Amino acid sequence: MPLSEITAVQSFIDYIRFEKRYSPHTVKSYADDLHFFFSFLADRCGIMKPTDVTPIFVRSWMAEMADQKINPRSINRKLSCLKSFFKFCRKTGLTEENPATIVPLMKTRKRLPSYVEEKQMAVLSDDVEFPSDFSGQSEKMIIGLLYQTGIRVSELVNMKNSHIDFNQQQLKVLGKGNKERLIPLNRELLSQLQVYRELRTKNAVAGDYLFANGEGKPLNPRKVYTIVKKWLSVVTTAEKKGPHILRHSFATHLTNNGADLNAVKELLGHTSLAATQVYTHNSIEKLRDIHKKAHPKG
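Along each chain, residue indices are assigned from 1 in the same order as the chain's sequence is written. This being a predicted model, a pLDDT of at least 70 is required before a residue's local features are given, and a value of 80 or more before pairs of side-chain atoms are given or counted; all residues contribute to the totals for chains, interfaces and linings. Side-chain metrics rest on all non-hydrogen atoms present in the structure, leaving aside hydrogens and water.

Draft legend 1. Up close: the sheet that holds strand β2 (residues 170-174). Strand order in the open sheet formed by three strands is β1-β2-β3, with antiparallel pairing between adjacent strands. Both outer strands of the open sheet, β1 (164-165) and β3 (180-184), are each paired with one neighbouring strand and no more. Only when DSSP finds a minimum of two bridges between them are two strands counted as paired. Each helix corresponds to a stretch of at least 4 residues labelled H or I by DSSP, and each strand to a stretch of at least 2 residues labelled E; elements are numbered beginning at the N terminus. The pairing of β1 with β2 spans two bridges and is classified as antiparallel. Across the sheet, Asp165 pairs through a bridge with Gln170, a residue of β2.

Here you go:
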C-alpha cells in the first residue's frame with residue numbers, strides 16, 4: 001500500500017503543513033520518516049495500519065537503523081516524528097495509545113555548539129572592509145543582522161521592511177510555527193539598517209522583503225550560507241562557517257557575558273529552556289579555563 005493511501009499519514013502531513021505551519025523542509029522530513037517507518041513495517045511485519053503498531057515494532061525499527069549505522073541523533077529525530085504522528089492519531093481518535101511514547105531515546109554524546117570568538121566577530125565587524133556597492137553592503141547587513149539578533153536563516157530570508165520598528169527600536173520575527181517574537185535593536189544596528197534601506201531604495205529593489213533577489217523574492221537560504229561562509233573564512237579557520245554558527249555565537253556571547261538564560265531563550269525563540277541550556281556549557285568551559293589559569297590551586 002503506498003504511503004499516500006494511509007489516510008492518517010496524509011492528514012497528519014496536512015496538519016503540520018497548514019495548521020502548525022512547519023517549514024517545507026520539516027514537512028518533507030516528517031513525510032520521509034513516516035514513509036521509511038511504514039515501508040519497514042510492510043516489508044518486515046506485513047502491516048501498514050497505524051492501529052496495528054505496537055512499541056515492539058517501533059523498537060525493531062530503531063534497531064534496524066542502528067544496525068545500518070545511522071547516527072543516534074538522526075534516529076531520535078525520527079522517533080520524535082513518530083511520537084508527534086501518533087499523538088495526532090490519538091487526538092483525532094484513530095488510536096487509543098501512542099506506541100512511541102514509552103520507547104526511550106538512544107543515548108548520544110553531548111555536542112557543544114560551535115561558535116566564533118568575540119574578538120573574531122569584532123574584527124569582522126570593525127576591521128574587515130566590505131565592498132561599497134549595494135551587493136557588498138547587503139552582505140555586511142546580513143552578517144550583522146544574523147549575529148546581533150541570533151535569528152535563523154529562514155527568519156532572515158522571510159523578513160520584510162515592515163518588520164523593523166525604528167520608533168520602538170525592535171524587530172518583529174516570525175519563527176517556527178509562525179510564532180512571533182520581538183528582538184530589541186541597538187542604535188548602531190538601527191542606523192546600519194536605515195542606511196541599508198536607503199541603498200535598497202536607490203537600487204530599486206522590488207518587493208517588501210528586506211533581502212530580495214532580482215525578482216523581489218526572498219533570497220535562497222543557500223545564497224545566505226555562501227555569503228556567511230565567505231566572510232567568516234576571513235576571520236576564522238573553524239570547520240563550520242554556516243549561518244547557524246552566528247546564531248550559536250550570539251547565544252554563547254550573551255551567556256558568557258552574564259545574560260539571563262530565560263532572556264536568551266526568548267531572544268532565540270526556543271520553546272524549552274533545555275534547548276538554551278546547551279550554551280551554558282560553553283560558559284562553564286570558559287570559567288574552567290579562567291579558574292585554571294588564575295587560581296593558586298588551578
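Next comes the rest of the description.
Draft legend 2. Spatial organisation of the nonpolar core. The biggest cluster of nonpolar side chains holds 44 residues, and the ones touching the most others in it are Leu124, Leu145, Phe211 and Val224. For this core, the secondary structure elements donating two or more residues are α5 (118-126), α6 (134-149), α7 (153-157), β2, α8 (187-202), α9 (221-235), α10 (243-256) and α11 (261-268). Those residues within four positions of Val224 in sequence are excluded, and the remaining contacts are Ile142, Leu146, Val153, Leu156, Val157, Leu219 and Pro243. Formed by 31 residues, the second largest nonpolar core is a distinct cluster that contains Val9, Phe37, Met48 and Val58. The term nonpolar core refers to a set of buried residues drawn from Ala, Val, Leu, Ile, Met, Phe, Trp, Tyr and Cys, joined through side-chain atoms within 4.5 Å. To sort residues, take the accessible area from a 1.4 Å probe on protein chains only and compare it with the maximum for the residue type: under 20% means buried, over 50% means exposed, and anything in between is partly exposed. Note on definitions: a residue-residue contact is assigned when non-hydrogen atoms from the two residues lie within 4.5 Å.

Draft legend 3. Spotlight on the layout of surface pockets. Using a 1 Å grid laid over the protein atoms alone, points where a 1.4 Å probe fits but cannot get out form a cavity; open sets with protein on both sides within 12 Å along at least 5 of 7 lines form a pocket; any residue with an atom within 4 Å of a point counts as lining. Grid points are joined across faces, edges and corners, and a volume is the space filled by probe spheres set on the points. Approximately 510 Å³ is the volume found for the second largest pocket. Lining the second largest pocket are 23 residues, with Ser125, Gly144, Tyr147, Gln148 and Gln192 positioned closest to its centre. Looking at the lining of the second largest pocket, the elements with two or more residues in it are α5, α6, β3, α8 and α10. Think of it as three bins: nonpolar holds Ala, Val, Leu, Ile, Met, Phe, Trp, Tyr, Cys and Pro, charged holds Asp, Glu, Lys and Arg, and polar takes everything else, Gly as well. Tallied by class, residues from the lining of the second largest pocket come to 14 nonpolar, seven polar and two charged.

Draft legend 4. Representation of helix α4 (residues 72-91). What a helix should span is 1.5 Å times the count of its residues minus one. Here α4 contains 20 residues, and its C-alpha end-to-end distance of 28 Å stays within 8% of the 28 Å for a straight helix at 1.5 Å per residue. Turning to α4, its buried residues are Ile75, Asn76, Lys78, Leu79, Cys81, Leu82, Phe85, Phe86, Phe88 and Cys89. You can read the cap of α4 off the contacts: a side-chain oxygen lies 2.7 Å from the backbone nitrogen of Arg73, and it is on Asn71. Of the residues flanking the end of α4, it is Gly93, one or two places downstream, whose phi is positive at about 85°. Think of a polar contact as two N or O atoms within 3.5 Å of one another; within protein, one of them needs to be a possible hydrogen donor and the other a possible acceptor, and neighboring residues in sequence only count if both atoms come from side chains.

Draft legend 5. How the structure looks around the packing of aromatic side chains. Any two rings among Phe, Tyr and Trp, with Trp reduced to its six-membered ring, count as a pair given centres within 6.5 Å; such a pair is stacked if its planes are under 30 degrees apart, edge-to-face if over 60, and tilted if neither. Across all of its chains, the model carries 13 aromatic pairs by this definition. Pairing Phe12 with Tyr30 gives two aromatic rings, centres 6.1 Å apart and planes at 15°, and the pair type is stacked. One end of the pair, Phe12, is in helix α1 (residues 7-19); the other, Tyr30, is in helix α2 (residues 24-44), with 18 residues separating them in the sequence. Phe12 gets classed as buried once you look at its relative accessible area, which sits at 1%. For the ring pair Tyr196 and Phe211, a centre distance of 5.2 Å and an interplane angle of 35° mean the geometry is tilted. Of this pair, Tyr196 sits in helix α8 while Phe211 sits in the loop between α8 and α9, and the two are 15 residues apart along the sequence. Given the relative accessible area of 2%, Phe211 is considered buried. Among the aromatic residues, those joined into a ring-pair cluster are Phe12, Tyr15, Tyr22, Tyr30, Phe36, Phe37, Phe38, Trp61, Phe85, Phe86 and Phe88. Charge-over-ring contacts are defined here by two conditions on Lys NZ or Arg CZ: a distance within 6 Å of the ring centre and an angle within 35 degrees of the ring normal. Positioned above the aromatic ring of Tyr209 is the side chain of Lys160, whose terminal nitrogen or guanidinium carbon lies 5.3 Å from the ring centre. Sitting over the ring of Tyr225, Arg222 keeps its end group 4.8 Å from the ring centre.

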